[in-house]
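Commentary on secondary and tertiary structure
Here are the chains, one letter per residue:
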Amino acid sequence: MAGGNWTRVEEFILLSFSSLPTKVQSLLFLTFLIIYLVTLMGNSLIILVTLADPMLHSPMYFFLRNLSFLEIGFNLVIVPKMLGTLLAWDTTISFLGCATQMYFFFFFGVDECFLLATMAYDRYVAICSPLHYPAIMNQRTRAKLTIASWFPGFPVATVQTTWLFSFPFCGTNKVNHFFCDSPPVLKLVCADTTLFEIYAIVGTILIVMIPCLLILCSYTRIAAAILKIPSAKGKHKAFSTCSSHLLVVSLFYVSSSLTYFRPKSNNSPESKKLLSLSYTVMTPMLNPIIYSLRNNEVKNAFGRTFRKVLGLINCIP
């Protein structure tokens, strides 16, 4: 216990969707549970198939495998606790648990931005320099790009989480969200947070804009290269190799931008919860579906792997 009204907070209460009727919360629980299971299964299958099928050992699928692993981690950080709050099993989360959840939320969110930029660069090299693609995107280059994609999450998550949870908390310990996101937790702080808010805004803009500019630059050059292809069939084939990634990028950036860059006057807690669902729950589920349905190589690989598994089962006496 500190002086005045400052209290050492040992746990937080996640309000989640408690304002909704119990029947609606039960329906949301079933919906999100199905989405959660589909997400884990879909992304796990992408990882297994891209590892098992020799035809999918190209750099593109190496990065896709990383994206699927990242989406699984992102989902595990957010969804299990949210499911618990919907059934009112336990709406509380410890101080350390809240900090840990926020840390990995930042970690996976930042890394996804940079990994999507890396995947855009991979598509740029594949389309604009197809003859040199194997030499440029060799195993060493892939390892460097992967490290460069995963590393930024560590300093960003460490600084932002440590700084925020070093502030004193007072009054209510109720977080008006379904997970420990920075803005709703920041509202519980009893101190001047101006410097932290400036850092958070500038940091968010840089983290979003730098990968976004790299993606725009890559796709500008890709578009220019596709337009130079004389045949319509060639243009369609070149565009189809990056259409899945472009759709995934659009889903991620549109949903996250609407959540964090809307004016505060238009950003009620309930609307932010709905927007947060789009990139924390929906996007991780849609990514493997998009790459499976819009990519013939992945669909064919699923078929080959499925037949191999059936063959192994039939061989068992």
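Values in this document were obtained by computation on a predicted structure and should not be read as measured data.

**Some words on the overall build of the protein chain**
When you go through the protein chain residue by residue, the secondary structure sums to 11 helices and five strands. Against the globule reference of 20 Å for 317 residues, the protein chain gives a C-alpha radius of gyration of 22 Å, in line with a compact fold. Scored against the burial criterion, the 317 residues of the protein chain give a buried share of 46%. At a minimum sequence separation of 6, the contacts of the protein chain that also span at least 24 residues come to 78%. For the protein chain, the exposed area adds up to about 16,300 Å²; of that, 71% sits on carbon and sulfur atoms.

**Here's the deal with empty space enclosed by the protein**
Counted according to the given criterion, the structure contains one cavity of 30 Å³ or more. Estimates place the volume of the largest cavity at around 30 Å³. Lining the largest cavity are Met-60, Met-119, Asp-122, Arg-123, His-245 and Tyr-291. Looking at side-chain class alone, the lining of the largest cavity contains three nonpolar, one polar and two charged residues.

**Focus on the pattern of salt bridges**
Oppositely charged side chains are able to pair whenever their charged atoms sit close together. Under the definition given, this model contains one salt bridge. Between Asp-122 and Arg-123 there is a salt bridge, with the nearest N and O atoms lying 3.0 Å from each other. Across this residue pair, the class does not change: Asp-122 and Arg-123 are buried.

**Details of the nonpolar core**
The tendency in soluble globular proteins is for nonpolar side chains to be buried side by side. Counting residues in hydrophobic clusters, the biggest one holds 87 residues, and the most contacted among them are Phe-12, Phe-32, Met-82, Leu-116, Leu-164, Phe-165 and Val-185. Here the element with the most residues in this core is helix α3 (residues 95-128); it accounts for 19 residues.

**Some words on a nonpolar patch on the surface**
A contiguous nonpolar patch, built from Ile-201, Ile-205, Met-209, Leu-213, Leu-216 and Phe-261 and spanning about 550 Å² of accessible area, is present on the exposed surface. Topologically, Ile-201 is positioned in helix α8 (residues 194-227). Take Ile-201: its relative accessible area is 52%, and that puts it in the exposed class.

**As for the side chain of Asp-53**
The residue Asp-53 is located in the loop between α1 (22-52) and α2 (59-86) in this model. By relative accessible area, Asp-53 is classed as buried at 2%. Reaching out from Asp-53, the side chain makes a polar contact with the backbone nitrogen of Met-55 at a distance of 2.8 Å. Those residues in contact with Asp-53 that sit more than four places away from it in its chain are Ala-301, Arg-304 and Thr-305.

**Examining the packing of α8 against helix α9 (residues 232-260)**
At their nearest, the axes of α8 and α9 sit 11 Å apart, and the two run at 160 degrees to each other. Between α8 and α9, the crossing angle belongs to the class labelled roughly antiparallel. Crossing geometry of α8 relative to α9 is assigned as left-handed. For the pair α8 and α9, the contacting residues are Val-208, Pro-211, Cys-212, Ile-215, Tyr-219, Ile-222, Ile-226 and Leu-227 in the first and Lys-235, Ala-238, Phe-239, Cys-242, His-245, Leu-246, Val-249 and Tyr-253 in the second.

**So, helix α6 (residues 153-164)**
Between its first and last C-alpha, α6 extends 16 Å over 12 residues, near the 16 Å set by a 1.5 Å rise per residue. Listing the buried residues of α6 in full gives Gly-153, Val-156, Ala-157, Gln-160, Thr-161 and Leu-164. Seen from one end, α6 has its buried residues packed into an arc of 105 degrees, which puts them on one side. The inward-facing, buried residues of α6 contact α3, α5 (139-150), β4 (169-170), α7 (182-186) and α8.

**Structural notes on α8**
Residues that lie three or four places apart on an α-helix share one face, since the helix turns once every 3.6 residues. Taking 1.5 Å per residue as the helical rise, α8 with its 34 residues ought to reach 50 Å, and the 48 Å between its terminal C-alpha atoms agrees with that figure. Where α8 is concerned, the buried positions are Phe-196, Ala-200, Gly-203, Ile-207, Val-208, Pro-211, Ile-215, Ser-218, Tyr-219, Ile-222 and Ile-226. On its buried face, α8 sits against α3, α6, α7 and α9.

**Focus on the sheet that holds strand β3 (residues 92-94)**
A sheet is described by the order of its strands in space; here three strands give the open sequence β3-β2-β5, paired in mixed fashion. What marks the edges here is a single partner per strand, and that holds for β3 and β5 (174-175). Where strand β2 (residues 11-14) and β3 come together, three bridges link them in antiparallel fashion. When the bridges of β3 are listed, Glu-11 appears paired with Ser-94. Taken strand by strand, α3 contacts β2 and β3, and its axis lies near 85 degrees from that of β3.

**Looking at unusual backbone geometry**
Trans is the common state for peptide bonds, and a negative phi is the common state for residues other than glycine. Within the chain, Ser-16 stands out as a residue other than glycine whose phi angle is a positive 50 degrees. Relative to the helices and strands, Ser-16 is located in the loop between β2 and α1. Of the residues examined, Ser-16 reaches a relative accessible area of 2% and is grouped as buried.

**Side note on the UniProt feature "transmembrane region" (unreviewed entry) in the protein chain**
Here the UniProt feature "transmembrane region" (unreviewed entry) sits at residues 27-51, 63-83, 145-165, 198-217, 238-254 and 274-293. The distance separating the terminal C-alpha atoms of residues 27-51 is 36 Å; by composition the span is 100% helix and 0% strand. As annotated, residues 145-165 comprises 86% helix and 0% strand, and the C-alpha atoms at either end are separated by 32 Å.

Rules used in this analysis
- Residues numbered from 1 in each chain as written.
- Predicted model: local features only at pLDDT ≥ 70, side-chain atom pairs only at ≥ 80, totals over all residues.
- Heavy atoms only, no water.
- Helix = DSSP H or I, 4+ residues; strand = E, 2+ residues; numbered from the N terminus.
- Rg over C-alpha atoms; globule rule 2.2 N^0.38 Å.
- Buried < 20%, exposed > 50% of the residue type's maximum accessible area, 1.4 Å probe, protein only.
- Contact = heavy atoms within 4.5 Å.
- Areas by Shrake-Rupley, 256 points an atom, 1.4 Å probe, with all protein chains shown as cover.
- 1 Å grid on protein atoms, 1.4 Å probe; cavity = no way out; pocket = protein on both sides within 12 Å on 5 of 7 lines; lining within 4 Å.
- Points joined across faces, edges and corners; volume = space filled by probe spheres on them.
- Nonpolar A, V, L, I, M, F, W, Y, C, P; charged D, E, K, R; others polar.
- Salt bridge = Lys/Arg side-chain N within 4 Å of Asp/Glu carboxyl O.
- Core = buried A, V, L, I, M, F, W, Y, C linked by side-chain atoms within 4.5 Å.
- Patch = residues over 30% accessible without salt bridge, like charges linked within 9 Å, V, L, I, M, F, W, Y side chains within 5 Å.
- Polar contact = N/O pair within 3.5 Å; in protein donor to acceptor, adjacent residues only side chain to side chain.
- Axes fitted to C-alpha atoms, helices over the stretch in contact; angles between N-to-C directions.
- Parallel < 35°, antiparallel > 145°, perpendicular 65-115°, else oblique.
- Left-handed = near helix turned anticlockwise from the far one by under 90°.
- Expected span 1.5 Å × (residues − 1).
- Arc of directions from axis to C-beta.
- Pairing = 2+ DSSP bridges.
- UniProt positions renumbered as here; feature names shortened; annotations may be inferred.

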